[in-house]
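A look at the structure
The lines below spell out each chain.
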Amino acid sequence: MEIKLLPLQSHGDDRGSLIALEEGKNVPFKIKRVYYLYNTKPGVSRGFHAHKNLKQVVIAVRGSCRFVLDDGDEKISILLDNPAQGLLIESGIWREMHNFSEDCVLMVLADSLYSEEDYIRDYNKFLQFHKNIGGVHDSFFK
Ligand code: TYD
């Protein structure tokens, strides 16, 4: 499984740093939603779901956290700790987030509005989705 890290150009000068995110330029989809996780309590892990359709780009704008991505065949783990890197998560990927640093602010850009219908929160259903990908009707999950 390939990790898709998007390099984000930082416009730094002696005042500090600035990164711009633009759909179709450094973000490979139309940005419909932005949310961020912060104040994550020590020892807490989050995520534990996949999306049927949603694509996301995740950026640790401050601090760090460890992502585990799973495509149903293989799991990879990556430490996100660089605001100049975006982790692209395609649809159909199980994700877990661990080891949040106390100062971690994790910003997520998404190509759709929030929809609970798009979530797969059961790992066994995710594995079945992965096996049947392309051929499964949505009603399978209801
Ligand atoms: P949740 O899916 O539990 O987050 P995580 O996958 O990081 O553990 O979401 C927490 C709550 O926030 C839940 O009640 C749904 C809500 N929520 C929204 O209202 N909009 C959003 O865009 C997201 C991502 C979550």
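Refer to the structure printed above.
Residues numbered from 1 in each chain as written. Predicted model: local features only at pLDDT ≥ 70, side-chain atom pairs only at ≥ 80, totals over all residues. Heavy atoms only, no water.

Focus on the nonpolar core
- With 17 residues, the main nonpolar core has Val58, Phe67, Leu87 and Leu106 as its most contacted residues.
- Of all the elements in the fold, those that place two or more residues in this core are β4 (56-62), β5 (65-70), β6 (75-80), β7 (85-89) and β9 (105-110).
- With sequence-adjacent residues up to four places away left out, Val58 is seen in contact with Phe67, Leu80, Gln85, Gly86, Leu87, Ile89, Leu106, Met107 and Val108. (Core = buried A, V, L, I, M, F, W, Y, C linked by side-chain atoms within 4.5 Å. Buried < 20%, exposed > 50% of the residue type's maximum accessible area, 1.4 Å probe, protein only. Helix = DSSP H or I, 4+ residues; strand = E, 2+ residues; numbered from the N terminus. Contact = heavy atoms within 4.5 Å.)

Quick word on the packing of aromatic side chains
- For the coordinates displayed, the defined rule picks out five aromatic pairs.
- When the ring of Tyr123 is compared with that of Phe126, the centres are 5.6 Å apart and the planes differ by 40 degrees; the resulting orientation is tilted. Of this pair, Tyr123 and Phe126 both sit in helix α1 (residues 123-132), separated by three residues, roughly a single helical turn.
- Given the relative accessible area of 28%, Tyr123 is considered partly exposed.
- Ring pairs connect the aromatic residues Trp94, Tyr123 and Phe126, which therefore count as one cluster. (Phe/Tyr/Trp six-rings, centres within 6.5 Å; stacked < 30°, edge-to-face > 60°.)

Description of the side chain of Gln56
- Mapped onto the secondary structure, Gln56 falls in strand β4.
- Reaching out from Gln56, the side chain makes a polar contact with the side chain of Arg95 at a distance of 2.7 Å. (Polar contact = N/O pair within 3.5 Å; in protein donor to acceptor, adjacent residues only side chain to side chain.)

Brief notes about the pattern of salt bridges
- In the structure shown here, the tally under the stated rule is four salt bridges.
- A salt bridge links Lys4 to Glu90; its shortest N-O distance comes to 3.5 Å. With Lys4 in strand β1 (residues 4-7) and Glu90 in the loop between β7 and β8 (94-98), this residue pair connects regions lying 86 residues apart in the sequence.
- Given the relative accessible area of 32%, Lys4 is considered partly exposed. (Salt bridge = Lys/Arg side-chain N within 4 Å of Asp/Glu carboxyl O.)

A short note on the pairing of β7
- With four of its five residues buried, β7 lies for the most part within the structure.
- Bridge count between β1 and β7: four bridges; the pairing is antiparallel. Along β7, the bridge assignment pairs Pro7 with Gln85.
- As paired strands, β4 and β7 are joined by three bridges and run antiparallel to one another. Of the residues in β7, the one forming a bridge with Val58 is Leu87. (Pairing = 2+ DSSP bridges.)

With respect to a nonpolar patch on the surface
- A contiguous nonpolar patch, built from Val34, Tyr36 and Tyr38 and spanning about 350 Å² of accessible area, is present on the exposed surface.
- For Val34, the position within the fold is in strand β2 (residues 33-37). (Patch = residues over 30% accessible without salt bridge, like charges linked within 9 Å, V, L, I, M, F, W, Y side chains within 5 Å. Areas by Shrake-Rupley, 256 points an atom, 1.4 Å probe, with all protein chains shown as cover.)

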